[in-house]
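Read off the chains here:
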Amino acid sequence: MIRVLVVDDEPQLLRALRINLTARRYEVVVAVDGASALEAAARHAPDVVVLDLGLPDMDGVDVIAGLRGWTKIPILVLSGRADSTDKVDALDAGADDYVTKPFSMDELMARLRALLRRADAGSAAEPAVTIGHYVVDLAAKTVSRLPEAPANTPEQVHLTKTEWAVLEVLVRNPGRLVSGKQLLQQVWGPAYQSETNYLRFYLAKLRQKLEPEPSHPRQLLTEPGMGYRFQP
């Protein structure tokens, strides 16, 4: 069943969308503000997001940017803002389509179906990347020794669930700076955005397991005062 995350602070519209989507056999997860939307996306892994821009705690464009830091799921903006600047800002931030309120439910459903078709057509295999002497396969969740690795290199490396989550966010953004706040939010949730000690601990663990010289990492990098980067 396709899971849709609907983010809107209008109770009547939220109820109407839930009823209509459920009737069409979608699984529906709802959120009424930006923080809960980001948390719900991390927790429930929706297939598509329907997002209002005018949220009570943050602008919807910031929610799009937060999502795009770690996921490529389709985002359909649903907003009363008809100005072209708002549309451009949302699309530049990473939204895939934009529907202006008021709208017909038939149009919304057609846009959703089109987004899901494009996502299916464009979906690629989960990335497999090389870090040090290992191949990290995100699909299989395995870390295997490269054939040319030194003989004393372990055949397999075990990563904990949290280590996988941290590594996956970085690997899905190759060469891109991921802020500490963004990484904390995606792995642990909005309530942990100040827990920078978590990141230091888990990055150190990942380097110990994957980098040939953990004290001089070449791929799992810290950008002091800014965040972290996976350098392919």
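Residues numbered from 1 in each chain as written. Predicted model: local features only at pLDDT ≥ 70, side-chain atom pairs only at ≥ 80, totals over all residues. Heavy atoms only, no water.

Trainee: What is the right way to read unusual backbone geometry from this model?
Mentor: Going from Lys 101 to Pro 102, the amide bond is cis rather than trans, its omega being -10 degrees. Relative to the assigned elements, Pro 102 resides in the loop between β5 (97–100) and α5 (105–122). At Arg 25, a residue that is not glycine, the phi angle is positive and equals roughly 70 degrees. With respect to the helices and strands, Arg 25 occurs in the loop between α1 (11–23) and β2 (27–31). One non-glycine residue with positive phi stands out, namely Ala 45, at about 50 degrees. Here Ala 45 shows up in the loop between α2 (34–44) and β3 (48–51). (Helix = DSSP H or I, 4+ residues; strand = E, 2+ residues; numbered from the N terminus.)

Trainee: Looking at this structure, I do not really get helix α3 (residues 60–68). What am I missing?
Mentor: Note: α-helices contain 3.6 residues per turn, so residues at a spacing of three or four share the same orientation. In terms of burial, α3 is a largely internal element, seven of the nine residues being buried. Within α3, burial applies to Gly 60, Val 61, Val 63, Ile 64, Gly 66, Leu 67 and Arg 68. In the core, the buried residues of α3 are packed alongside α2, β3, β4 (75–79), α4 (84–93) and α7 (180–187). By the N-cap criterion, in which a side-chain oxygen at the helix start approaches the backbone nitrogen of a residue two or three places on, α3 is capped by Asp 59, the distance to Val 61 being 2.8 Å. (Buried < 20%, exposed > 50% of the residue type's maximum accessible area, 1.4 Å probe, protein only. Contact = heavy atoms within 4.5 Å. Polar contact = N/O pair within 3.5 Å; in protein donor to acceptor, adjacent residues only side chain to side chain.)

Trainee: Sorry, what's going on with the packing of aromatic side chains here?
Mentor: One pair of aromatic rings is described through two measures. These are the centre distance and the angle between the planes. The tally for this structure, following the rule as stated, stands at three aromatic pairs. Both rings, one in Phe 201 and one in Tyr 202, keep their centres 5.0 Å apart while their planes meet at 90 degrees; by these two values the pair is edge-to-face. Taking the relative accessible area as the measure of exposure, Phe 201 reaches 46% and is therefore partly exposed. Among the aromatic residues, those joined into a cluster by ring pairs are Trp 188, Tyr 198, Phe 201 and Tyr 202. (Phe/Tyr/Trp six-rings, centres within 6.5 Å; stacked < 30°, edge-to-face > 60°.)

Trainee: So what exactly am I meant to see when it comes to the layout of surface pockets here?
Mentor: Gaps left between atoms show up when a probe the size of a water molecule is rolled over them. The calculated volume of the second largest pocket comes to roughly 160 Å³. The wall of the second largest pocket is formed by Ala 35, Leu 38, Met 58, Asp 62, Gly 66, Ser 179, Lys 181, Gln 182, Gln 185, Pro 190 and Gln 193. Elements with a minimum of two residues in the lining of the second largest pocket: α2, α3 and α7. A total of three residues in the lining of the second largest pocket trace back to one element, the largest contributor, which is α7. The residue inventory of the lining of the second largest pocket, partitioned by class, reads four nonpolar, five polar and two charged. (1 Å grid on protein atoms, 1.4 Å probe; cavity = no way out; pocket = protein on both sides within 12 Å on 5 of 7 lines; lining within 4 Å. Points joined across faces, edges and corners; volume = space filled by probe spheres on them. Nonpolar A, V, L, I, M, F, W, Y, C, P; charged D, E, K, R; others polar.)

Trainee: Can you help me understand the sheet that holds strand β7 (residues 134–137) in this one?
Mentor: Hydrogen bonds between backbone groups are what pair the strands of a sheet, and the pairing can be parallel or antiparallel. On the basis of which strands lie adjacent, the open sheet formed by three strands has the order β6-β7-β8 and antiparallel pairing. Two strands lie at the open edges of the sheet, namely β6 (128–131) and β8 (142–145), each paired on one side alone. Going across the sheet, the axis of each strand differs from the next one's by a mean of 25 degrees, ignoring polarity. Relative to β8, β7 is paired through four bridges, and the arrangement is antiparallel. Residue Tyr 134 lies in a different strand from β8, and its bridge partner there is Arg 145. Sheet strands in contact with helix α6 (residues 161–171) are β6, β7 and β8, and its direction is about 95 degrees off that of β7. (Pairing = 2+ DSSP bridges. Axes fitted to C-alpha atoms, helices over the stretch in contact; angles between N-to-C directions.)

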